[in-house]
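Summary of the model geometry
Now for the letters of each chain:
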Amino acid sequence: GWVQSPGAVTLADPREYPRLKAYVRGVVGAFASDTRILGWDIWNEPTLEGASGGHWVGAEAAHKDERVAALLPQAFEWARSANPAQPLTSGVWTFEPRSAARWPRIARIQIAESDILSFHTYDGPNEVRRRIESLQVFHRPILCTEYMARGNGSTFRNTLPILEEYHVGAINWGLVAGKTQTYFPWDSWDHPYLAGEPMPWFHDVFRADGQPYDAEEVSFIREILRAHAQKGRTP
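Described below are features of the structure shown in this document.

About the thresholds
Residues numbered from 1 in each chain as written. Predicted model: local features only at pLDDT ≥ 70, side-chain atom pairs only at ≥ 80, totals over all residues. Heavy atoms only, no water. Helix = DSSP H or I, 4+ residues; strand = E, 2+ residues; numbered from the N terminus. Rg over C-alpha atoms; globule rule 2.2 N^0.38 Å. Buried < 20%, exposed > 50% of the residue type's maximum accessible area, 1.4 Å probe, protein only. Contact = heavy atoms within 4.5 Å. Areas by Shrake-Rupley, 256 points an atom, 1.4 Å probe, with all protein chains shown as cover. Lys, Arg positive; Asp, Glu negative; His and termini not counted. Charge placed at Lys NZ, Arg CZ, Asp CG, Glu CD. 1 Å grid on protein atoms, 1.4 Å probe; cavity = no way out; pocket = protein on both sides within 12 Å on 5 of 7 lines; lining within 4 Å. Points joined across faces, edges and corners; volume = space filled by probe spheres on them. Nonpolar A, V, L, I, M, F, W, Y, C, P; charged D, E, K, R; others polar. Axes fitted to C-alpha atoms, helices over the stretch in contact; angles between N-to-C directions. Parallel < 35°, antiparallel > 145°, perpendicular 65-115°, else oblique. Left-handed = near helix turned anticlockwise from the far one by under 90°. Polar contact = N/O pair within 3.5 Å; in protein donor to acceptor, adjacent residues only side chain to side chain. Phe/Tyr/Trp six-rings, centres within 6.5 Å; stacked < 30°, edge-to-face > 60°. Core = buried A, V, L, I, M, F, W, Y, C linked by side-chain atoms within 4.5 Å. Arc of directions from axis to C-beta. Salt bridge = Lys/Arg side-chain N within 4 Å of Asp/Glu carboxyl O.

What follows covers the overall build of the chain. What the chain contains, in helices and strands, is seven helices and seven strands. Taken against the 2.2 N^0.38 rule, which gives 18 Å for 235 residues, the C-alpha radius of gyration of the chain at 19 Å falls within 12% of a compact globule. Along the longest, intermediate and shortest principal axes, the C-alpha atoms of the chain span 55 × 50 × 40 Å. The 235 residues of the chain split such that 38% are buried. In the chain, the proportion of contacts linking residues at least 24 apart, taken out of those at least 6 apart, comes to 70%. Carbon and sulfur atoms make up 56% of the accessible area of the chain, which totals about 13200 Å². Between the mean site of the 24 positive side-chain charges and the mean site of the 28 negative ones, the chain shows a separation of 5 Å.

Below is the structure:
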């Protein structure tokens, strides 16, 4: 399972906000000039509900959207006050309704406050392309900070070529199958896979012993990265 941040109790209590401010400014300020930091994701999926399917994993603050809409710009302000050399962002993940002219309120705040635009997608190629094109109208660098869910049609094979086409960087958060067990899909919260590992794996690339889950998949990743590097060396 997972927990939300800052949590329902803290989100609902403005008296806690000075503590959040000190935390954000302290962390960003400590690494504001660190070249190992590529950017700051200020708030991950800020309006995500505390449930997956029918499985409840946490209470929600009353009037959550209104509270997030007020606090999210403050979080960006706190981070910027630490004068980081790195860009700030917050990953857009609610793209509905499907008209780019009618973005959800929190997404509009994320877009307005971000130095570089980032987004999440666990969907097939058509949706990946639609989300990128929806963000291109803002004329800022774009980074996909979450993707890849094999059972949902989001794979390296069908996503990386699109990202390459649009010059969009990408981060997938699973590498080696370990204690986080992210090779299990979302529905494992409600229906544990007691008979063994799922087919296909949801996420992750390598088994615990270093062997690839899918050797052909790993070869594809190496090939597309090699081709990308070669383009960078071409005059």
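We now examine the layout of surface pockets. Quantified by volume, the second largest pocket comes out at close to 410 Å³. Lining the second largest pocket are 19 residues, with Y147, L160, L163, A170 and L225 sitting closest to its centre. Elements supplying a minimum of two residues to the lining of the second largest pocket: helix 6 (156-166), strand 7 (169-170) and helix 7 (215-233). Taken together, the residues of the lining of the second largest pocket break down into 13 nonpolar, five polar and one charged.

At a minimum axis separation of 9 Å, helix 5 (residues 125-136) and helix 6 run at an interaxial angle of 25 degrees. On the basis of the axis angle, helix 5 is roughly parallel to helix 6. For helix 5 against helix 6, the interelement crossing comes out right-handed. Along its contact with helix 5, which presents P125, V128, R129, I132, E133 and Q136, the element helix 6 presents N158, T159, I162, L163, E165 and Y166.

Let's shift gears to the side chain of S114. Summarising the element assignment, S114 is placed in the loop between helix 4 (105-113) and strand 5 (117-120). In this structure the side chain of S114 is engaged in a polar contact, spanning 3.2 Å, whose partner is the backbone nitrogen of S90. Dropping the residues within four chain positions of it, S114 is found in contact with F76, R80, L88, T89, S90 and R140.

Moving on, we get to the environment of A229. In this structure, A229 sits in helix 7. In this structure A229 comes out as partly exposed when scored by relative accessible area, which is 34%. As for A229 and E113, which are separated by 116 residues in sequence, their C-alpha atoms are 32 Å apart.

A few words on the packing of aromatic side chains. The final tally for this structure, using the stated rule, is twelve aromatic pairs. Both rings, one in Y183 and one in W201, keep their centres 5.2 Å apart while their planes meet at 35 degrees; by these two values the pair is tilted. Of this pair, Y183 sits in the loop between strand 7 and helix 7 while W201 is found in the loop between strand 7 and helix 7, placing the two residues 18 residues apart along the sequence. Considered together, Y183 and W201 belong to a single accessibility category, that of buried residues. An angle of 45 degrees between the planes, with centres 5.9 Å apart, marks the rings of F184 and Y193 as tilted. Residue F184 is classed as buried on the basis of its relative accessible area, which comes to 16%. In this structure Y193 comes out as partly exposed when scored by relative accessible area, which is 32%. Through pairs of rings, three or more aromatic residues link up here, namely Y183, F184, Y193, W201 and Y213.

The subject of this paragraph is the nonpolar core. With 24 residues, the main nonpolar core has F119, I132, L135 and V168 as its most contacted residues. In terms of residues, this core owes the most to one element, helix 6, which gives five residues. Not counting the four nearest positions on each side in its chain, F119 is found in contact with G91, V92, F95, R131, I132, L135, I142, L143, C144, T145, E146 and V168. L11, W43, A61 and W78 belong to the second-largest nonpolar core, a separate cluster that totals 20 residues.

Three or more residues of helix 6 are buried, namely F156, T159, L160, I162, L163 and Y166. Projected down its long axis, helix 6 carries its buried residues within an arc of 165 degrees, all on one side.

Per the stated rule, a full pass over the model turns up 14 salt bridges. Ionic pairing is found between E16 and R19, a salt bridge with its closest N-O pair at 2.7 Å. The class of R19 is partly exposed, set by a relative accessible area of 47%. A salt bridge links E127 to R130, with the nearest nitrogen and oxygen atoms 2.8 Å apart. Within this pair, E127 and its partner R130 are both found in helix 5, separated by three residues, close to a single helical turn. Across the pair, R130 and E127 agree in class, each one buried. The network of salt bridges with common partners includes D123, E127, R130 and R131.

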